[in-house]
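Residues per chain, in single letters:
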Amino acid sequence: MSGIAFIYGVKEGRAEQLKGMLEKIKHRGPDLETAFSGHNHAVGYCHLATADDSGVHLVRKKEYVLSDGRFFFNERPDSNLQPSLARQKLIDLYHSLGPDAITKINGEFVIFISTGENLLLARDPFGLKPFYYGRNQNTYYFASEIKALIDVVEGIKEFPPGHYWTPQTGFVRYFSLRPVSELDNADIEEIKFNLRQYLNAALKIRLPGNEKIGILLSGGLDSSIIAALAAEVSPKVATFTVGLPGASDLLAARSVAEYLGTEHHEFLFSETELLNHASEVIYYLESFDLPLVRSSLANYLVSKLAKENGVKVVCVGEGADELFGGYHYLKELPKDQVNAELLHLIYSGRKGGFQRVDRMNAANSIEPLIPFMDSQLLSFALTIPIDLKIWGKDKIEKWILREAFAQALPSQITERVKQKFFQGSGSGIAASTLFDKLVDTEKYEKSQKELKGHLLRNKEEFYYYQIYRQYYQHPSIMELMHQTKNI
C-alpha cells in the first residue's frame, strides 16, 4: 500500500506543495518516503514495506514504477512475480507497447511510470484504489486521497477507473466491462469447481510470502470463505473480529476460527469507542454517507486490532455480494434487470464498500487485498446464470457460492443470511442511538433547507455531515460525495 502525489506543470513552489500533499497521505505508507522531479513534473511517494516488497521502486537509471496496491500479469504463470520483478516487467512492456502495457495487468492499483521522457498514470478497472486530480491554472495535481488536494487546486475530480493519463493524451479509457452472455446448459458441478479454482488462484497471487496474513472475519459467508482458503495455503493466518458484546458477528467468527484453527483475536467495543473514533473515521473515510460511516466505524476498529497484533496485510471478503447477488433488494427486481444492476454495483463499489475497505485500513497503515475482485474471477462470475445466484422460490442469495464452498465451512456459516457489516457487528444500532441524541432537532431540520443535492436522512447522518464539513470545505467537495440508496 502506498500514497502517491504528483504535480505536472509549474516549478515555482512545487517542492513545498508536494511536501504538503504527501504529509496528508503519509498514513498510506509510513515506512518509506521519497520524492523526485523532472523538468516539468514532481512526484512524491510514501510506501508501506511488506515482507515481499522493500519499496525500492527505481527499476533502472531514471526509470520508475510507483504503485499503490498490487498488480499481476494476466498470464497466470507470471502473476506471482516478486514486486520488484513485476515492476521491471511492466516497464519493459511499456517500452514495447506504450500505454497499452496497462491492458496486460490485473489487480487493485494506481500506477505511475516515468522513463525520464515519458510519464503515465493509470487506475485499476474498478477503482479499488483511490485517485483524484485537479488543476490550478496550467498545473495538474494528482493524489491518492482528496485531503491531499484541498489546499492546492480549484476543483477536485475523481481519476476515472479503467483509464490512464499522459500529458500528451489526457485521459484515455483502456478497460470497459461489457455485459456477457450467461452460460448455456450450465453444469452446476463444473461451475462450482471453476469457481473454487478462480478464487483460490486470485487469493494465492495476492498473498505476500513470509508475511503474517490477517483476515477481517465477520463470520459471514464471504470473509469465512477467504479465511478457509487462506488457511489452506498459509500457516500464518490470523483472524480479527469486532462487535458490541453479544453481536452475531462475534459468535459466528469465533466458530469459523475454531473450525479452521486460526490465531483469532476479538475486540468488544462500546458506544464510547464509536464516539471517540467518529471524527477520525470520517476524516479518513472522506464521506458522511450514513451506512458507509456506520460500517466504517467497525471496520476502523477491526483494522486497528489487526495493526496492534503485528499484521501489515489483510484479506477481506468484499466483492462477493456484487458478483453473486448478495444484496436483498436484488430479489425484488425483475430477473432481466439483475445483471445490469450487478454491473452497476461493481462499478459503484469504489464509492461504497471498497472505499471503506481502502480508507479504514489505510488509516491504520494496513494493506487490504480483495480477492473477489480479481478480473479473471469477475469475468467468469458474470457468466453464471442469475438463477444460480438467487436460487429457488425462497430466493437464496449467493446460492452458487454457498454450494461451491459447502464442504469447506460449517453449515451454519454457509447458510448464514447476509447482514451488512454494521448490522452484524452492532455498530449500526449503537451509532443510531448514540448520535441521534447528540443532535439538536431544530438545527437538523434547518439543515435540510441549506444542503443542495444531498438528503440528510436523519439526525445521525447530520452528525456525520457536521464532522465532515469541519475537514472538507473545498467548494467542489460535495460533488464527490456519494450516498447509498438502498440502506
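Just above, that's the structure.
Computed from a predicted model, the values in this text were never measured in an experiment. (Residues numbered from 1 in each chain as written. Predicted model: local features only at pLDDT ≥ 70, side-chain atom pairs only at ≥ 80, totals over all residues. Heavy atoms only, no water.)

K.L.:
Which residues make up the overall build of the protein chain, and what are the values?
P.N.:
The number of helices and strands found in the protein chain is 18 helices and 17 strands. Against the compact-globule benchmark of 23 Å for 487 residues, the protein chain has a radius of gyration of 22 Å, which places it among compact chains. Overall, the C-alpha framework of the protein chain stretches about 65 × 60 × 45 Å when taken along its three principal axes. With 487 residues in all, the protein chain has 60% of them scored as buried. A sequence separation of at least 24 residues applies to 71% of the contacts in the protein chain between residues at least 6 apart. Surface accessibility of the protein chain: about 19800 Å² in total, with carbon and sulfur atoms responsible for 48%. Within the protein chain, one finds 55 positive and 60 negative side-chain charges whose respective centroids are separated by 3 Å. (Helix = DSSP H or I, 4+ residues; strand = E, 2+ residues; numbered from the N terminus. Rg over C-alpha atoms; globule rule 2.2 N^0.38 Å. Buried < 20%, exposed > 50% of the residue type's maximum accessible area, 1.4 Å probe, protein only. Contact = heavy atoms within 4.5 Å. Areas by Shrake-Rupley, 256 points an atom, 1.4 Å probe, with all protein chains shown as cover. Lys, Arg positive; Asp, Glu negative; His and termini not counted. Charge placed at Lys NZ, Arg CZ, Asp CG, Glu CD.)

K.L.:
Describe in detail the pairing of strand E9 (residues 139-143), supporting the description with residues and values.
P.N.:
In terms of burial, E9 is a largely internal element, 4 of the 5 residues being buried. Examined bridge by bridge, strand E1 (residues 2-8) and E9 share 4 bridges and lie antiparallel to one another. Bridging from a neighbouring strand, Ile-7 pairs with Tyr-141 of E9. Taken together, the 5 bridges between strand E8 (residues 132-136) and E9 define a ladder with antiparallel strand orientation. Its bridge partner being in E9, Tyr-133 is matched across the sheet by Phe-142. Here E8 hands over to E9 after 2 residues, with Gln-137 in that stretch at a positive phi of 60°. (Pairing = 2+ DSSP bridges.)

K.L.:
Residue-level account of helix H4 (residues 221-233), with values.
P.N.:
Taking 1.5 Å per residue as the helical rise, H4 with its 13 residues ought to reach 18 Å, and the 19 Å between its terminal C-alpha atoms agrees with that figure. With respect to burial, H4 is a largely interior element, 10 of its 13 residues being buried. Within the sequence span of H4, burial applies to Leu-221, Asp-222, Ser-223, Ser-224, Ile-225, Ile-226, Ala-227, Ala-228, Leu-229 and Ala-230. (Expected span 1.5 Å × (residues − 1).)

K.L.:
Give me the packing of helix H6 (residues 271-285) against helix H16 (residues 427-437): which residues, what numbers.
P.N.:
Packing of H6 against H16 leaves a shortest axis separation of 10 Å and a crossing angle of 70°. Compared by their axis directions, H6 and H16 come out roughly perpendicular. Each of Glu-271, Leu-274, Leu-275 and Ala-278 in H6 lies in contact with H16, whose residues at this interface are Ser-427, Ala-430, Ala-431, Leu-434 and Phe-435. For the contact of H6 with H16, a count of residues per class yields 7 nonpolar, 1 polar and 1 charged. (Axes fitted to C-alpha atoms, helices over the stretch in contact; angles between N-to-C directions. Parallel < 35°, antiparallel > 145°, perpendicular 65-115°, else oblique. Nonpolar A, V, L, I, M, F, W, Y, C, P; charged D, E, K, R; others polar.)

K.L.:
Give me unusual backbone geometry: which residues, what numbers.
P.N.:
The phi angle at Gln-137 is positive, at roughly 60°, despite the residue not being glycine. Note that Gln-137 resides in the loop between E8 and E9. When its relative accessible area of 65% is taken as the criterion, Gln-137 is described as exposed. Phi is positive for Lys-398, close to 55°, though the residue is something other than glycine. Along the chain, the position of Lys-398 falls in the loop between helix H12 (386-389) and helix H13 (399-404).

K.L.:
Lay out the sheet that holds strand E17 (residues 367-369) in plain terms, naming residues and giving numbers.
P.N.:
An order of E15-E14-E13-E16-E17 is seen for the 5 strands of this open sheet, with the pairing classed as parallel. Each edge of the open sheet carries a strand with a single partner, namely strand E15 (263-268) and E17. Direction aside, neighbouring strands of the sheet carry axes that sit 30° apart on average. Alignment of strand E13 (residues 213-216) against strand E16 (residues 313-315), held across 3 bridges, turns out to be parallel. Opposite Ile-215, over in E16, you have Cys-315 as the bridge partner. Against the sheet, H4 touches E13, strand E14 (237-243) and E16, its axis set at about 160° to E13.

K.L.:
Please set out the pairing of strand E7 (residues 119-123) residue by residue, giving values where relevant.
P.N.:
For E7, the buried fraction is high: 5 of the 5 residues fall into the buried class. Inspection of the sheet shows strand E6 (residues 105-114) paired to E7 by 5 bridges, in the antiparallel sense. Paired with Ile-111 across the two strands is Ala-122, which belongs to E7. With antiparallel pairing between neighbouring strands as the criterion, E6 and E7 make up a hairpin whose turn holds 4 residues, including Gly-116 at a positive phi of roughly 95°. Relative to strand E11 (residues 163-166), E7 is paired through 2 bridges, and the arrangement is antiparallel. Residue pairing across strands places Leu-121 opposite Trp-165, the latter belonging to E11.

K.L.:
Please set out the environment of Asn-185 residue by residue, giving values where relevant.
P.N.:
With respect to the helices, strands and loops of the structure, Asn-185 is situated in the loop between strand E12 (170-173) and helix H3 (188-206). You can call Asn-185 exposed: its relative accessible area is 78%. Along the sequence, Asn-185 and Ser-234 sit 49 residues apart, while their C-alpha atoms lie 37 Å from each other.

K.L.:
How would you explain H6 if you had to name every residue and give the values?
P.N.:
The end-to-end C-alpha separation of H6 is 19 Å, in line with the 21 Å expected for 15 residues at 1.5 Å each. Approximately 50° is the largest bend angle found in H6, and it occurs at His-277. All of the buried residues in H6 are Leu-274, His-277, Ala-278, Val-281, Ile-282, Tyr-284 and Leu-285. On its buried side, H6 packs onto helix H7 (290-308), helix H10 (353-363), H16 and helix H18 (459-471). Positive backbone phi, approximately 65°, marks Glu-286, located one or two places after H6. (Bend = angle between axes of the 7 residues up to and from the residue.)

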